[in-house]
Amino acid sequence: MTPSRALACSLLLALAACGGKGGGTGPSTMPPEPTYSVTSVVFYDENGNGVLDGAEAVRLQQVDVVVGGVSAKSGAGGQAVVAGVKAGAQTVAIRTESLPAYFVPTVPLPVQVPQTGGEVRLAVRLPIGDNLPNENEIREKYGSKNFLLLGSSHALAAASAAAMNREFAGAAEEQERARKYGEEAEDLLVAMHEVIGHGSGKLSDRVKAGAQPFLKEYYSTLEEARADLMALFNVWDPKLKELGLVTDQENVARAMYDSSARAALTQLRRIPKGDTIEEDHQRARALIANFVKDKTGAIEQFNLLGKTFVRVTDYQKMREGVGVLLAELMRIKAEGDYDAVKALIDKYGVHFDPKLRDQVVGRYRQLDLPVYWAGINPELTAQLDAKGNVSSIKMTYPRDAVQQYLSYGRMYQSK
Ligand SMILES: [Zn+2]
């Protein structure tokens, strides 16, 4: 506090609270219109649910809290007492510029003055690991931001990839490529799927507000297929090498194509009954492999010692097929062409031969691997120094899946 402000405070102390601890809540004798103090606390909302939970112990100081045009800074314990507030319905807001870098304030909260309940709890979040949603509009305005938790996908691959490849990759050369480059190909596919795939492309005026209402039940399959195709088509782009995003581009790209051709076969392990695919990612993978196989002949299915395999016979021809399908899906999305998307997906993305599925399920059962898996994500929490700046990120590994999913639910509920 500056000397002049301290003086002003001591003069005013008799009239109204002047910030600091325990500001008076009663009306002053002067001026005629009574004013009140509003007490709030600024806390770091680690799990982003908007509520001060028991484990959230960090409070932020030196943050401007504004109520009805009057403001005060939060002090020790994150408490801010804004004095001189007129009676009635007001809002309590944080002045964003006063927050340490990267912090995001809560929306302004309502308060009835004089304040009857407890202090107003003002959440500030640190969006460490938030993905930007895939909506076209957000992609156009802000671009894309995604976090890939490679630890989880690599752990899964370490547990299952070798056995899967031995059983389902046909030639020795293909197995070797999968062993050496499979993981890199998978990481790159996921990254491109999310970053340049979803939400990309331009929409016509007709579907400006989004293609979903036009493409209805086929929209999600189209969007997943489009995202995969963006990865498959662009994996050969020299720009990737230039940016240092790929090691051995030719082999990584081939491994990606091998695996995408195999997917239509291996994913049947997850559909033990019936003869149709319902899930959108699975439909998308079937659409790509079956379309390329039918239109270009670059994917071939063959039998060896009573087992069925697929192989890519010509990678550049497969890429051409990928390009044709990608262009058509971009057009369908841009124009909202329901009939065209229905015809494509019904033909290539839905049906399979149940006999082939029984064979795949049997082969997979012998590998003794789980058909489905679920991961518990690590949790990232910012560690702050005394000024509220981020000094490091703490990573913890919760063990309770139910709690984690409930907390994700709470996170989205409050918005
Ligand atoms: Zn996706």
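Coordinates for the structure precede this section.
Treat the numbers as computed from the prediction; the structure is a model and nothing was measured.

Enquirer: I tried to follow the overall build of the chain on my own but got confused; where do I start?
Expert: When helices and strands are tallied, the chain shows 13 helices and twelve strands. Computed over C-alpha atoms, the radius of gyration of the chain comes to 29 Å, more than 25% over the 22 Å expected from 2.2 N^0.38 for 415 residues, which places it beyond the range of a compact globule. Across its three principal axes, the chain shows a C-alpha extent of roughly 95 × 45 × 45 Å. Taking the intrachain contacts of the chain between residues at least 6 apart in sequence as the baseline, contacts between residues at least 24 apart amount to 65%.

Enquirer: Honestly, the sheet that holds strand β7 (residues 109-113) in this entry has me stumped. Any pointers?
Expert: Each strand in a sheet pairs with its neighbour through backbone hydrogen bonds, running either in the same direction (parallel) or in the opposite one (antiparallel). What the four strands build is an open sheet, ordered β3-β2-β5-β7; its pairing is antiparallel. At either end of the open sheet lies a strand with only one pairing partner, and these are β3 (70-73) and β7. Neighbour to neighbour, the strand axes of the sheet diverge by 30 degrees on average, direction disregarded. Bridge analysis of strand β2 (residues 64-67) against β3 gives four bridges, and the strand direction is antiparallel. Across the sheet, the residue bridging to V67 is V70, located in β3.

Enquirer: I keep staring at the sheet that holds strand β8 (residues 120-125) and nothing clicks. Help me out?
Expert: Ordered by their spatial adjacency, four strands build an open sheet running β4-β1-β8-β6, and the pairing between neighbours is mixed. At either margin of the open sheet sits one strand with a lone partner, and together these are β4 (79-86) and β6 (104-105). The pairing of strand β1 (residues 35-44) with β8 spans five bridges and is classified as parallel. The partner of V42 across the bridge, within β8, is L122.

Enquirer: How do you make sense of the environment of P378 when you look at a structure like this?
Expert: With respect to the helices and strands, P378 occurs in the loop between α12 (354-367) and β11 (379-384). Overall, P378 belongs to the partly exposed group, with 13 C-beta atoms counted inside 10 Å. In this structure the C-alpha to C-alpha distance between P378 and Y397, which are 19 residues apart in sequence, comes to 4.7 Å. Apart from the residues lying within four places of it in its own chain, the contact partners of P378 are L149, M395, T396 and Y397.

Rules of the game
- Residues numbered from 1 in each chain as written.
- Predicted model: local features only at pLDDT ≥ 70, side-chain atom pairs only at ≥ 80, totals over all residues.
- Helix = DSSP H or I, 4+ residues; strand = E, 2+ residues; numbered from the N terminus.
- Rg over C-alpha atoms; globule rule 2.2 N^0.38 Å.
- Contact = placed C-beta atoms within 7 Å.
- Pairing = 2+ DSSP bridges.
- Axes fitted to C-alpha atoms, helices over the stretch in contact; angles between N-to-C directions.
- Buried ≥ 20, exposed ≤ 12 C-beta atoms within 10 Å, placed from the backbone.

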